[in-house]
Amino acid sequence: MERAFMEINNIKLQTLEISNFRNIEHLKISFESGRSAIYGKNAIGKTNVLEAISWLLTGKSLSGSSDEQANKPHNKPNACVSVKAYFTRGDHDGLIYEKQYQEVWEVSRGNVEVPTLKGHTTKYFINGVEIPLKKDAEILLNEYFAFNGDYAMLINPLWVEISDYKVLREIVVKLAGDIDNEALLESSPTLQSHIQRELEEVGGDVPLLVKNLATRLKTAKNDISNTKLIMNYITSAPLIAPGVKERLVRELKEKQDAHIQSVSELEIKQVALEQFIALKYQKLNENIAQTFGEVKFNLLESNIKEGSFKEVCYPYIIGKQTKFEKGSTSEKVITGIAVIEALKRKGNLPDLPIIFDEGEALDSESIATKIKTNAQVITAKVSDLFHKIEVGTLREN
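In this text, all values refer to a predicted model and were calculated from it rather than measured experimentally.

The rules behind these values
Residues numbered from 1 in each chain as written. Predicted model: local features only at pLDDT ≥ 70, side-chain atom pairs only at ≥ 80, totals over all residues. Heavy atoms only, no water. Pairing = 2+ DSSP bridges. Helix = DSSP H or I, 4+ residues; strand = E, 2+ residues; numbered from the N terminus. Core = buried A, V, L, I, M, F, W, Y, C linked by side-chain atoms within 4.5 Å. Buried < 20%, exposed > 50% of the residue type's maximum accessible area, 1.4 Å probe, protein only. Contact = heavy atoms within 4.5 Å. Expected span 1.5 Å × (residues − 1). Arc of directions from axis to C-beta. Salt bridge = Lys/Arg side-chain N within 4 Å of Asp/Glu carboxyl O. Axes fitted to C-alpha atoms, helices over the stretch in contact; angles between N-to-C directions. Phe/Tyr/Trp six-rings, centres within 6.5 Å; stacked < 30°, edge-to-face > 60°. Lys NZ or Arg CZ within 6 Å of the ring centre and 35° of its normal. pLDDT = per-residue confidence, 0-100. Patch = residues over 30% accessible without salt bridge, like charges linked within 9 Å, V, L, I, M, F, W, Y side chains within 5 Å. Areas by Shrake-Rupley, 256 points an atom, 1.4 Å probe, with all protein chains shown as cover. Lys, Arg positive; Asp, Glu negative; His and termini not counted. Charge placed at Lys NZ, Arg CZ, Asp CG, Glu CD.

**Q** Just checking my understanding: could you explain the pairing of strand S6 (residues 115-126) for this structure?
**A** Residues in a regular strand point their side chains to alternate faces of the sheet. Sheet topology places strand S5 (residues 95-107) next to S6; eleven bridges connect them, and they run antiparallel. Across the sheet, Glu106 pairs through a bridge with Thr116, a residue of S6. The turn joining S6 and strand S7 (residues 129-131), which pair antiparallel and follow one another in sequence, is formed by two residues; a positive phi near 50° is taken by Asn127.

Here it is in structure tokens:
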């Protein structure tokens, strides 16, 4: 059943036709179904082939930029930017998807030499038929690909770096399975006795409770110091009658004892909260390990005693405690594809073509052995053993 699903939902990019995209005037490419590398001289347009695929499917560049003006050729401001791709999916009929972008320039009255940008048009075509509304074109494409979401998360290994960490975190936690606060407290009566009421008072908002406890503890400690200063002053004040002095010191001592008790209770609650958070994220990380395998994530950066609680989400480079953003290009690609595969496996998502630049960081052996995917792989700047598409030898039509 799983194998049949994989075959049905294995999307292949068969041909790609590009016109007036950045420095590519016109180019038509046929791809192998396995792993292809685009190579050629510098500045010839290898990377822009990959950028064209990214723009077609996501509306953004591989780096996450949505600046469509960057895609038009500099010397042809009125040119129509066009990217057209022919996809196949298992035994389904093929689908041709095309997107066109064109700016509208007008010459202002009285200033015939300087045209003014008035806007732009974007057109969408499915199998040669123009689809007037973008949302309708996306619906048809989503139906064919059997996927309704951000295509970048399935085609771009660097998506985990350029995406909003909140979006990535939501996906990771949802797929892995979040940990319920109440159930966790019920499993630990000691923690439950110390912080359940506190959590209920803040509506289960753990970051808010972390901040509140730290603030209350700081205030209580300050109260102890201030009370001690006042007691010392009263004790040494010569003009205060002995009886009054004794009464004031006794009252302040009672207050100080109350503050000390408050500090002790708050410290116990703070320790309990720290243990609760550690236990929650330990269990959450166990769930993540079952879902993402060798890819580990960091979800929290906190200092409970200082009231710092920051939810984050980034993967570590496979086999290292190195943040994704600090990894080498090859490490990022390998880790990013491992994340993509986990997302597909857990979410029953389709195999879309995986595209990435900087392919020179991976030789053919690395691509064959370290990149574990059934998806089509298209990269650039690798000129060794895989199916090669030499941009410089293709003629302009």
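**Q** Help me understand the nonpolar core in this model?
**A** Considering soluble globular proteins, one finds that nonpolar side chains tend to be buried as a cluster. Counting 96 residues, the largest nonpolar core has Phe87, Phe145, Leu273, Phe276, Ile277, Phe292 and Phe297 as its most contacted members. Considering every element that reaches this core, the biggest residue donor is helix H10 (residues 242-292), with ten residues. Each residue touching Phe276, except ones within four places of it in the same chain, is listed here: Asn181, Leu184, Leu185, Leu191, Ile195, Leu199 and Val206.

**Q** I keep staring at helix H3 (residues 134-145) and nothing clicks. Help me out?
**A** An α-helical segment advances 3.6 residues per turn. Residues three or four places apart therefore align on the same side. A rise of 1.5 Å per residue sets the reference length of H3, with its twelve residues, at 16 Å; its end C-alpha atoms lie 16 Å apart and thus fit the reference within 8%. Taken residue by residue, H3 has Ala137, Leu141, Asn142, Tyr144 and Phe145 as its buried positions. The buried side chains of H3 occupy one side of the element, clustering within an arc of 160° when seen end-on. Away from the buried face of H3 by more than 90 degrees, exposed residues Lys135 and Glu143 are located. Elements that come into contact with the buried residues of H3 comprise strand S1 (11-21), helix H2 (46-58), strand S4 (81-89), S5, S6 and S7. Positioned one or two residues after H3, Ala146 has a phi angle of 60°, which is positive.

**Q** When you look at helix H11 (residues 329-347) in this model, what are you seeing that I'm missing?
**A** Taking 1.5 Å as the rise per residue, H11 with 19 residues should run 27 Å; its terminal C-alpha atoms sit 27 Å apart, in good agreement. Burial analysis of H11 places 14 of its 19 residues in the buried class, which makes it a mostly covered element. Backbone geometry just downstream of H11 places Asn348 in the positive-phi region, at approximately 50°.

**Q** Sorry if this is basic, but what is going on with the pattern of salt bridges here?
**A** Side chains that differ in sign of charge can pair as their charged atoms come close. Evaluation of the coordinates by the stated rule reveals 16 salt bridges. With its nearest N and O atoms 2.3 Å apart, the salt bridge here joins Asp351 to Lys344. In terms of burial, Asp351 and Lys344 fall into one category: buried. Through salt bridges with shared partners, one network takes in Glu198, Arg216 and Lys269.

**Q** Please clarify how the sheet that holds strand S2 (residues 24-30) should be interpreted in this entry.
**A** Remark on secondary structure: sheet strands pair via backbone hydrogen bonds, oriented parallel or antiparallel. Strand order in this open sheet of six strands is S2-S1-S4-S5-S6-S7, and the pairing throughout is antiparallel. Two strands bound the open sheet, and with one partner strand each, they are S2 and S7. Across the sheet, the mean angle separating the axes of adjacent strands is 20° when strand polarity is ignored. Running over the sheet, H2 touches S1, S2, S4 and S5 and is turned about 105° from S1. Across the sheet, H3 lies against S1, S4, S5, S6 and S7, angled at about 30° from S4, the strand it touches most.

**Q** What am I meant to see in the pairing of S1 here?
**A** Extensive coverage of S1 is indicated by the burial of eight of its eleven residues. Pairing of S1 with S4, which is carried by eight bridges, proceeds in the antiparallel orientation. Counterpart to Lys12 in the pairing with S4 is Thr88. Hairpin geometry of S1 and S2 is characterised by an intervening segment of two residues between the two adjacent antiparallel strands and by a positive phi of about 55° at Arg22.

**Q** Looking at this structure, I do not really get the packing of aromatic side chains. What am I missing?
**A** Pairs of aromatic rings are described using the distance from one ring centre to the other and the angle between the two planes. Enumeration over the complete set of coordinates arrives at seven aromatic pairs. These aromatic residues form a ring-pair network of at least three members: Phe87, Tyr144, Phe145, Phe147 and Tyr151. Looking at Lys99, its charged tip hangs above the ring of Trp55, at a distance of 4.5 Å from the centre.

**Q** In this structure, what is going on with the confidence of the model for the protein? I would like to understand it.
**A** Low pLDDT means the predicted coordinates in that region are not meant to be read closely. The share of residues in the protein with pLDDT of 70 or more is 90%, and the mean pLDDT across the chain is 88. Across the protein, element-level confidence peaks in S7 with a mean pLDDT of 97 and bottoms out in helix H1 (residues 2-8) with 45. Here residues 1-6 is modelled with pLDDT under 50, and outside its nearest four sequence neighbours on either side it reaches four contacts, counting other chains as well. Counting contacts from residues 392-397, a segment whose pLDDT is below 50, to residues more than four positions away or on other chains yields ten contacts.

**Q** Sorry, what's going on with a negative patch on the surface here?
**A** On the surface, a cluster of negative charge is contributed by Asp178, Asp180, Glu182, Glu186 and Glu200. Relative to the helices and strands, Glu182 is located in helix H7 (residues 181-186). A relative accessible area of 57% places Glu182 in the exposed class.

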